[in-house]
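# Topology and contacts: notes
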Amino acid sequence: MTTSTDTLPAAQRKTTDWRLQGACSTHPDPDIWHATGATTQSRSDLDEAKALCNSCPVRQICQDWALTNREAYGLWGGLTEGERRRILRIRIADGLAEPRKGSRPRAACGTPSAYDRHIKLREPVDDACRAAHARASAEQRARASQQKPASLEALFKAHTKRLYGGHLAWTGPVKPSFKGRSYNPKQVAFIIDRGREPVGRVLNDCGNSECVLPGHVADDSERTPCGTRYGYQRHRKNGEDACDACRKANSDADNRLRRTGTTKQLAA
Ligand code: SF4
Ligand SMILES: [Zn+2]
Ligand SMILES: [Zn+2]
Ligand SMILES: [Zn+2]
């Protein structure tokens, strides 16, 4: 991208003569070398400018000039702002260019930042950096596991992930614990949704055995509600006294069995 040489002091004019040979110096719309944004128009402007750069006789000089002078904006020698930044980062990492004044010094090997830099620049990672990265990740994991969730809801939210088909997967520890008590994930789902402790086992009934969607899990009392023969059997199985409703449901069913040969209530 050229700027008018008329405005430059005479001493600089010679060094910028290449600009006058640039394809952009005679183009009717020099703004296309500054097209930014994601619109179709600005993309096609940029493509046009790039094509002109690619066949421009001073392309290499232009590119070198923009890189040396850290030209921040516009397309120069066919390189976008982002492409120039990337090239500069690599040159700085290789010691071929000075870091920008005031910019942070390059992190030394054996630090997590140096590891990140190797990865970003697709460089081979040395042992010191690999070890530093492993240490930092372990510390971060330890910190994360110490951060106690404020509530059972928060714990549930932090460790669940939506699944295709409307199910919910548990991504946390197999036996999550909260305030000194350990749960299984389906119990957590049940308690935060129903606001009470489950009776017996919490199971799901959606066909996805891992699912912890609160609406897909039920405890014994929901699967075998009181006031039914199943409820009565549940009480018995749990070694507790059956409630009145269950006792009645059970004796009604027994009577029916004697009368009709089936415990099922006959349709009226
Ligand atoms: S390379 Fe592109 S930006 Fe540079 S002078 Fe040529 S046309 Fe202009
Ligand atoms: Zn390193
Ligand atoms: Zn489900
Ligand atoms: Zn009951």
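Just so you know, these numbers come straight off a predicted model, no measurement behind them.

## Comments concerning the overall build of the chain
From N to C terminus, the chain includes 12 helices and 6 strands. Computed over C-alpha atoms, the radius of gyration of the chain comes to 36 Å, more than 25% over the 18 Å expected from 2.2 N^0.38 for 268 residues, which places it beyond the range of a compact globule. By principal-axis analysis of the C-alpha atoms, the chain measures approximately 115 × 50 × 30 Å.

## A closer look at the site of ligand 1
Around ligand 1 sit 16 residues, and of these G22, C24, C53, C56 and C62 come closest. Among the elements of the structure, α3 (40-54) and α4 (59-68) are those that each provide at least two residues to the shell around ligand 1. For the shell around ligand 1, a count of residues per class yields 11 nonpolar, 4 polar and 1 charged.

## Remarks on the domain arrangement of the chain
Under the domain assignment used here, the chain contains domain 1 (5-93), domain 2 (112-146), domain 3 (152-223) and domain 4 (229-260). With centres defined by C-alpha atoms, the gap from domain 2 to domain 3 works out at 34 Å.

## Some points on helix α12 (residues 244-260)
The first and last C-alpha atoms of α12 sit 24 Å apart over 17 residues, in line with the 24 Å expected at 1.5 Å per residue. Along α12, the residues classified as buried are C246, A249 and N250. Take α12 and look down its axis: the buried residues cluster within an arc of 95 degrees, on one side only. In α12, the exposed positions angled more than 90 degrees off the buried face are occupied by D244, S251, N255, R258 and R259. Of the surrounding secondary structure, the elements contacted by the buried residues of α12 are α11 (229-237).

## Some words on the environment of N250
If you trace the backbone, N250 turns up in helix α12. Taking the C-beta count within 10 Å as the criterion, N250 has 20 such neighbours and is therefore assigned buried. Not counting residues within four places of it along the chain, the set of residues in contact with N250 comprises R229, Y232 and A242.

## Examining the confidence of the model for the chain
When pLDDT is averaged along the chain, the result is 86; 91% of the residues meet or exceed 70. Put simply, helix α1 (residues 10-13) is where the chain has its lowest mean pLDDT, 46, and helix α9 (residues 185-194) is where it has its highest, 97. pLDDT under 50 marks residues 2-14. Its contacts with residues more than four places away, or in other chains, come to 10 contacts.

## Points about the packing of helix α6 (residues 112-120) against helix α7 (residues 127-146)
One can describe the packing of α6 onto α7 by two numbers: an axis separation of 8 Å at closest approach and a directional angle of 115 degrees. One way to sum up the angle between α6 and α7 is to call them roughly perpendicular. Remark: the crossing between α6 and α7 carries left-handed chirality. Taken together, the residues of α7 that come into contact with α6 (itself represented by P112, A114, Y115 and H118) are C129, R130, A132, H133 and A136. Its residues placed into classes, the contact of α6 with α7 shows 6 nonpolar, 2 polar and 1 charged.

## Re unusual backbone geometry
In this structure, R70 takes a positive phi of about 50 degrees despite not being glycine. Its place among the elements puts R70 in the loop between α4 and α5 (81-93). Take R70: there are 12 C-beta atoms within 10 Å of it, and that puts it in the exposed class.

## Comments concerning the packing of α11 against α12
Here α11 crosses α12 at 115 degrees, and the two axes come no closer than 7 Å. In this structure, α11 meets α12 at a crossing whose hand is left-handed. The residues of α12 that touch α11, namely those facing R229, G231, Y232 and H235, are C246, R247, A249, N250 and A253. Looking at the contact of α11 with α12 residue by residue, the class counts come to 4 nonpolar, 3 polar and 2 charged.

## Here's the deal with the environment of D31
With respect to the helices, strands and loops of the structure, D31 is situated in the loop between α2 (17-21) and α3. C-alpha of D31 to C-alpha of D45: the two residues are 14 residues apart in sequence and 8.6 Å apart in space.

Conventions and cut-offs
Residues numbered from 1 in each chain as written. Chains lettered and ligands numbered in written order. Predicted model: local features only at pLDDT ≥ 70, side-chain atom pairs only at ≥ 80, totals over all residues. Helix = DSSP H or I, 4+ residues; strand = E, 2+ residues; numbered from the N terminus. Rg over C-alpha atoms; globule rule 2.2 N^0.38 Å. Near = placed C-beta within 6 Å. Nonpolar A, V, L, I, M, F, W, Y, C, P; charged D, E, K, R; others polar. Domains from an automatic or database assignment. Expected span 1.5 Å × (residues − 1). Buried ≥ 20, exposed ≤ 12 C-beta atoms within 10 Å, placed from the backbone. Arc of directions from axis to C-beta. Contact = placed C-beta atoms within 7 Å. pLDDT = per-residue confidence, 0-100. Axes fitted to C-alpha atoms, helices over the stretch in contact; angles between N-to-C directions. Parallel < 35°, antiparallel > 145°, perpendicular 65-115°, else oblique. Left-handed = near helix turned anticlockwise from the far one by under 90°.

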